[in-house]
Each structure stands twice: as C-alpha cells, then as structure tokens.
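# Structural characterization, general
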Amino acid sequence: MQALFIWLVLAPLVFLQQASTTLKNYTPLFENDEVRVGRVTLPAGESEGLHVHPYPRVLICLEGATIEVKRPDGSLAKTVYQPGDARYQSDTQPHEPVNVGTSRFVGVVVELKNHVPPRSQDGKLEPLDPLVAAPGFHKLVFENERIRILDVRNKPGDFEPLHRHARSVLTILEGGTARFGLPDGSTKVASFSASANPPAGEPPQVFWEDATVHSVANVGTTPIRLVRVELK
C-alpha cells in the first residue's frame, strides 16, 4: 500500500520531467513582453512528442489536419482542424499531439506571457470598436478577460469605416492589397501575403501591430482574410 501511495504521488512528477517545453517542429517568429509567437509544422503520421506549454495560447490553423492528443492518463481527444480555425487553449498539462490524418498540419501559436487578472466590464462597446463601426467585416470568434479573436474578411472593392483595434497579433490567411485611412486624413497602401516567405517589402505572414485607428479599403483584386488576436 505504501509503495502504491508513493507511485501515485511521484508518477505525475515523472511525466512532467519527461515532458519537453520545446516543440520539435516549432519555428520562432517573434517575441515581445506580452506574447511569444511561432509556427508549428507537423507532417502526417508524426508525433510532436510529450510536452507542456508554460502559457495559455491561441492556435491558428494555416493548413488543416486531424490531430489526436494523448495525455499521460491515457485519455485521447481528436480534433479536425480546418484552415482559419482559431482556438484558445489554456491547458498547461503534459500532452502529445499526433497527426493521424493524411496531410501535414501547419499552425501559428500565440502564447500569452503576462497574467491579466479578470476585470469588471459593463459589456458596452465603444463607437469605434470594429464590431460596432465595421461589423460586416469582423466576426467575433472568441473572447475572455485577456484577449479577443476576430476573423476579418474584406473583398475587392470593400470599405471598412474608421475603427479602432487594440494591440494585436495578426495572421494573414489570404493576402491582398489595402489602402488604410488614418485619423489625420492621410492614407497608405500596403500589400499582404499569406506565404511564410512573402515578397520583398511586404509584411511577414504573422506580425505584431500596436493599437491603431484606421479605415480599410480593399484596392486589390483578391479577397483579404486574417485572424486578429487582440490583447486587452
């Protein structure tokens, strides 16, 4: 009985020691005081290995696959990811993702480094909030006391009226060219790519943006789609 008790106490510690904090198929993209962002690529049939995440995070799927997650207690959870899926994950327990599908999985991991205590909110949105000022272009995917995830879509010829965004991590899913209008009346045109290796002069596929107020006009020939993770 004593041996069984010791095993029950020490077994979780053994799993923690075996679990890595570094992903095998992870490419760092950027990091600042608030987030750590990277790209994970998991070929079909491969395991990422047992690991833990030190922070809660948002996983944004770029290339979809079927992922089965194994846990030390023997439980399994299977998820089919589609391109554009964005999911908040707060679990920091050891787990092993395995790509059980026939195509590779590619995703962006946005880890939230700073703990933000819950704060009271009256639920009212300011007039320049994108869900108020430009609701036809911004879909709320997820929200809690720390972040808000927006799925943003803009077709050629579309115009988003002036609106405000909190500081954010942006992941481009479909690239294009947009003209941004600023509060002082000036404008700027920028092109965006959904490639991990964008053309020279274009922003990377995943990047940080400070708080901003702008209007957006799609002046290109292709739809633009991105996932914006706003920090509160």
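Look up: the structure comes first, before these words.
Every value quoted in this text rests on a predicted model; they were computed, and no experiment measured them.

This part is about the side chain of Arg-57. Relative to the elements of secondary structure, Arg-57 occurs in strand E3 (residues 57-63). Salt bridges are absent for the buried Arg-57, whose nearest opposite-charge side chain, Asp-91, sits at 5.9 Å. In this view, Arg-57 contacts Arg-87, Tyr-88, Gln-89, Ser-90, Asp-91, His-95, Val-109, Val-110 and Glu-111; residues no more than four positions away in its chain are not counted.

Taken as a whole and assessed by the stated rule, the structure comprises four aromatic pairs. Ring plane angle 10 degrees and centroid distance 6.2 Å describe the contact between Phe-192 and Phe-207, whose orientation is recorded as stacked. Here Phe-207 lies in strand E15 (residues 206-209) and Phe-192 lies in strand E14 (residues 187-192), a separation of 15 residues in the sequence. Among the aromatic residues, ring-to-ring pairing joins Phe-180, Phe-192 and Phe-207 into one connected group.

Before going further, it helps to examine the pattern of salt bridges. The tally for this structure, following the rule as stated, stands at 14 salt bridges. The closest approach of N and O atoms between Glu-31 and Lys-113, which form a salt bridge, is 2.9 Å. Taken together, the residues span a long stretch of sequence, with Glu-31 in strand E1 (residues 26-31) and Lys-113 in the loop between strand E8 (105-112) and helix H2 (130-133) at a distance of 82 residues. Assessed through its relative accessible area of 23%, Lys-113 is described here as partly exposed. Where Arg-148 meets Glu-230, a salt bridge forms, and the shortest distance between an N and an O atom there is 2.8 Å. Placement of the pair is Arg-148 in strand E10 (residues 147-154) and Glu-230 in strand E17 (residues 224-231), with a sequence separation of 82 residues.

The next subject is the sheet that holds E3. Spatially, E1-E2-E8-E3-E6 is the arrangement adopted by the five strands of the open sheet, whose pairing is antiparallel. If you trace the sheet from one side to the other, it starts and ends with E1 and strand E6 (86-89), each paired once. Geometrically, the sheet is characterised by an average inter-axis angle of 20 degrees between neighbouring strands, direction not taken into account. Pairing geometry for E3 and E8, over six bridges, is antiparallel.

Right, let's talk about the environment of Asp-184 for a bit. If you trace the backbone, Asp-184 turns up in the loop between strand E13 (176-181) and E14. On the basis of relative accessibility, which here comes to 61%, the residue Asp-184 falls in the exposed class. With 30 residues separating them in the primary sequence, Asp-184 and His-214 have C-alpha atoms 9.9 Å apart. A distance of 2.6 Å separates the side chain of Asp-184 from the side chain of Ser-186, its partner in a polar contact.

Rules behind the numbers
- Residues numbered from 1 in each chain as written.
- Predicted model: local features only at pLDDT ≥ 70, side-chain atom pairs only at ≥ 80, totals over all residues.
- Heavy atoms only, no water.
- Helix = DSSP H or I, 4+ residues; strand = E, 2+ residues; numbered from the N terminus.
- Buried < 20%, exposed > 50% of the residue type's maximum accessible area, 1.4 Å probe, protein only.
- Lys, Arg positive; Asp, Glu negative; His and termini not counted.
- Salt bridge = Lys/Arg side-chain N within 4 Å of Asp/Glu carboxyl O.
- Contact = heavy atoms within 4.5 Å.
- Phe/Tyr/Trp six-rings, centres within 6.5 Å; stacked < 30°, edge-to-face > 60°.
- Pairing = 2+ DSSP bridges.
- Axes fitted to C-alpha atoms, helices over the stretch in contact; angles between N-to-C directions.
- Polar contact = N/O pair within 3.5 Å; in protein donor to acceptor, adjacent residues only side chain to side chain.

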